[in-house]
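The primary structure of each chain is shown beneath.
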Amino acid sequence: GSLSSCSESHLLFLSFSVKGQHQTNLKATVNWTAKSLYVEQEINFNNDSGDTLKTIVLNDWNHAYSDLSTPLSKRFSDEFYRGFHLSKKEERGGTFNLSIRDREQQELPWERLNKKPDVIEIQLKKPLLPGENLLILLNYLAKIPSDRFTGIGYSAKKMNLKNFFMKKKIAAGC
């Protein structure tokens, strides 16, 4: 969705399901001056894969805008689009101060995958068996990029927030 810049901050509440596999609830506080969102997000993940899972992988699409060495940046370069490489740091996006916890508020270790800064792998405290459910609690600051790169992001009067929240990565072929 889009937000207009008529006031300094807004509070968003969203809830959605994806293919019946998991439910996501989030609260986001918008800071128009900093072009950022403070996000409190819950992902209720159901393991309907038939496999025992030791990790869960999330897409952090916003972090693809974080610097000039990401795959997105390289794609812009390959397509002869120089605007991203010439942009100021404050025009680029990214995800910062990420905290990931389980239902018991225990920190879950995570890492960004090598050469994929927009993908996060979460190490589970115990394997998630088929049919089991896991609640993941995320807190983070999402710096929204300028919309001049892809048409998604912030402009002078609004924010187009398509794909700026973390979500479960769907495996290739699914």
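These figures come from a predicted structure and were not determined experimentally.

1. A look at the nonpolar core
In step 1: The biggest cluster of nonpolar side chains holds 31 residues, and the ones touching the most others in it are Leu37, Ile56, Ile100, Ile122, Leu138, Tyr140 and Ile144.
In step 2: Contributions of two or more residues to this core are made by strand 3 (22–31), strand 4 (36–46), strand 5 (53–59), strand 6 (94–102), strand 8 (116–128) and strand 9 (133–143).

2. Describing the sheet that holds strand 8
In step 1: With antiparallel pairing, the four strands of this open sheet are ordered in space as 7-8-5-12. Edge positions in the sheet fall to strand 7 (110–113) and strand 12 (167–168), since each has one partner strand and no second.
In step 2: Judged from the four bridges that link them, strand 7 and strand 8 form a sheet pairing that is antiparallel. What sits directly across from Arg112, in strand 8, is Ile120.

3. Quick word on the environment of Asp48
In step 1: Looking at the secondary structure, you find Asp48 in the loop between strand 4 and strand 5.
In step 2: Judged by relative accessible area, which is 51%, Asp48 ranks as exposed.
In step 3: With 83 residues separating them in the primary sequence, Asp48 and Gly131 have C-alpha atoms 5.5 Å apart.

4. So, the environment of Val39
In step 1: For Val39, the position within the fold is in strand 4.
In step 2: For the pair Val39 and Met166, spaced 127 residues apart in sequence, the C-alpha to C-alpha distance is 9.8 Å.
In step 3: When sequence neighbours within four positions are dropped, the list of residues in contact with Val39 reads Leu26, Lys27, Ala28, Leu138, Asn139, Tyr140 and Phe165.

5. Quick notes on the pattern of salt bridges
In step 1: Scanning all chains against the criterion turns up three salt bridges.
In step 2: When the shortest N-O distance is used, the salt bridge between Glu40 and Lys27 registers 3.7 Å. Taken together, the residues span a long stretch of sequence, with Glu40 in strand 4 and Lys27 in strand 3 at a distance of 13 residues.
In step 3: Residue classification places Glu40 among the partly exposed residues on the basis of a relative accessible area of 33%.
In step 4: Put simply, Asp60 and Arg112 hold a salt bridge, and the shortest N to O gap is 3.0 Å. Of this pair, Asp60 sits in the loop between strand 5 and helix 1 (71–78) while Arg112 sits in strand 7, and the two are 52 residues apart along the sequence.

6. Some words on the side chain of Gln41
In step 1: Summarising the element assignment, Gln41 is placed in strand 4.
In step 2: In this structure the side chain of Gln41 is engaged in a polar contact, spanning 2.6 Å, whose partner is the side chain of Tyr140.
In step 3: A distance of 2.6 Å separates a polar atom in the side chain of Gln41 from the backbone oxygen of Met166.
In step 4: Contacts of Gln41, omitting those with residues within four sequence positions, involve Thr24, Asn25, Leu26, Ile136, Leu137, Leu138, Tyr140, Phe165 and Met166.

7. Quick notes on the confidence of the model for the chain
Low pLDDT marks stretches whose predicted atomic positions should not be read closely.
In step 1: Within the chain, residue pLDDT values average 78, and 68% of them lie at 70 or more.
In step 2: Low pLDDT, under 50, characterises residues 2–7; the predicted model gives this stretch 18 contacts beyond four residues in sequence or across chains.

What counts as what
Residues numbered from 1 in each chain as written. Predicted model: local features only at pLDDT ≥ 70, side-chain atom pairs only at ≥ 80, totals over all residues. Heavy atoms only, no water. Core = buried A, V, L, I, M, F, W, Y, C linked by side-chain atoms within 4.5 Å. Buried < 20%, exposed > 50% of the residue type's maximum accessible area, 1.4 Å probe, protein only. Helix = DSSP H or I, 4+ residues; strand = E, 2+ residues; numbered from the N terminus. Pairing = 2+ DSSP bridges. Contact = heavy atoms within 4.5 Å. Salt bridge = Lys/Arg side-chain N within 4 Å of Asp/Glu carboxyl O. Polar contact = N/O pair within 3.5 Å; in protein donor to acceptor, adjacent residues only side chain to side chain. pLDDT = per-residue confidence, 0-100.

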